[in-house]
Amino acid sequence: RELDVRELAIEDAYDGAYLTCGGLSNFSPEDGSRVLEVVERALVSGGRAVIEYADAAQAPSDVRAWQFVQAESSLFTDAPHLQLEERLFDADTNAEVVRHYVVPSDGKIFEIARCRRYFTDASAREALSAARFASLETGPGSAPGLKKIVGVKK
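Student: So what about the pairing of strand S2 (residues 43-55)? Which residues, and what values?
Tutor: Direction of pairing for strand S1 (residues 14-19) relative to S2: parallel, over a ladder of five bridges. Each residue of the ladder has a partner; that of Tyr14, found in S2, is Leu43. Between the parallel pair S1 and S2, the chain is carried across by helix H1 (residues 29-42), and the sense of this crossover is right-handed. Where S2 lies against strand S8 (residues 146-153), seven bridges are found, and the strand directions are antiparallel. What sits directly across from Tyr53, in S8, is Lys147. Inspection of the sheet shows S2 paired to strand S6 (residues 110-119) by two bridges, in the parallel sense. For Ala54, the partnering residue across the bridge sits in S6 and is Tyr118.

Now the structure itself:
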């Protein structure tokens, strides 16, 4: 089953939810708010949510960076290819855009882009507060560069 987490209609009530792998950082501000609303609706009163986010203290320092990769296979294709990666970081929005330009041996270039937002502890608390959570604590996340915040549904 393929579902859009931003549109889930959860009918059961849960005691807890966990959004892992820096999940909050992989959504636009609007979509991130919608995801937190879905989590809030899914929890019983007093239920806890553990939300991971990319730590702003670990954000890239380069405004623009390039990487070149030649590989027999990768996440993007099982065929030999060249891969150019462009990273653009905007310190004003604490957001990074990464574009992967993949050139397989058949010469048909394709592009994959993704965005990652970086949060401070304060901005993560603000996001949870807007979704009607009281923030309890922050701590290290499941991987380097990630943090987690625990919130309780009011």
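Now that the structure has been shown, we can carry on.
Student: Which residues make up the side chain of Glu85, and what values do they have?
Tutor: Tracing the backbone through its elements, the reader meets Glu85 in strand S4 (residues 81-90). Overall, the relative accessible area of 8% leaves Glu85 in the buried class. Polar contacts involving the side chain of Glu85 include one to the side chain of Arg87, which spans 2.9 Å. Within the structure, Glu85 has its side chain in polar contact with the side chain of His100 (distance 3.4 Å). Those residues in contact with Glu85 that sit more than four places away from it in its chain are Ala65, Trp66, Gln67, Val98, Arg99 and His100.

Student: Run through the environment of Val69, naming residues and quoting values.
Tutor: Mapped onto the elements of the fold, Val69 is located in strand S3 (residues 64-71). You can call Val69 partly exposed: its relative accessible area is 24%. C-alpha separation for the pair Val69 and Gln58, spaced eleven residues apart in sequence, amounts to 24 Å. Apart from the residues within four sequence positions on either side, Val69 is in contact with His81, Leu82 and Gln83.

So, how was this worked out
- Residues numbered from 1 in each chain as written.
- Predicted model: local features only at pLDDT ≥ 70, side-chain atom pairs only at ≥ 80, totals over all residues.
- Heavy atoms only, no water.
- Pairing = 2+ DSSP bridges.
- Helix = DSSP H or I, 4+ residues; strand = E, 2+ residues; numbered from the N terminus.
- Right-handed = clockwise from strand over helix to strand, strands pointing away.
- Buried < 20%, exposed > 50% of the residue type's maximum accessible area, 1.4 Å probe, protein only.
- Polar contact = N/O pair within 3.5 Å; in protein donor to acceptor, adjacent residues only side chain to side chain.
- Contact = heavy atoms within 4.5 Å.

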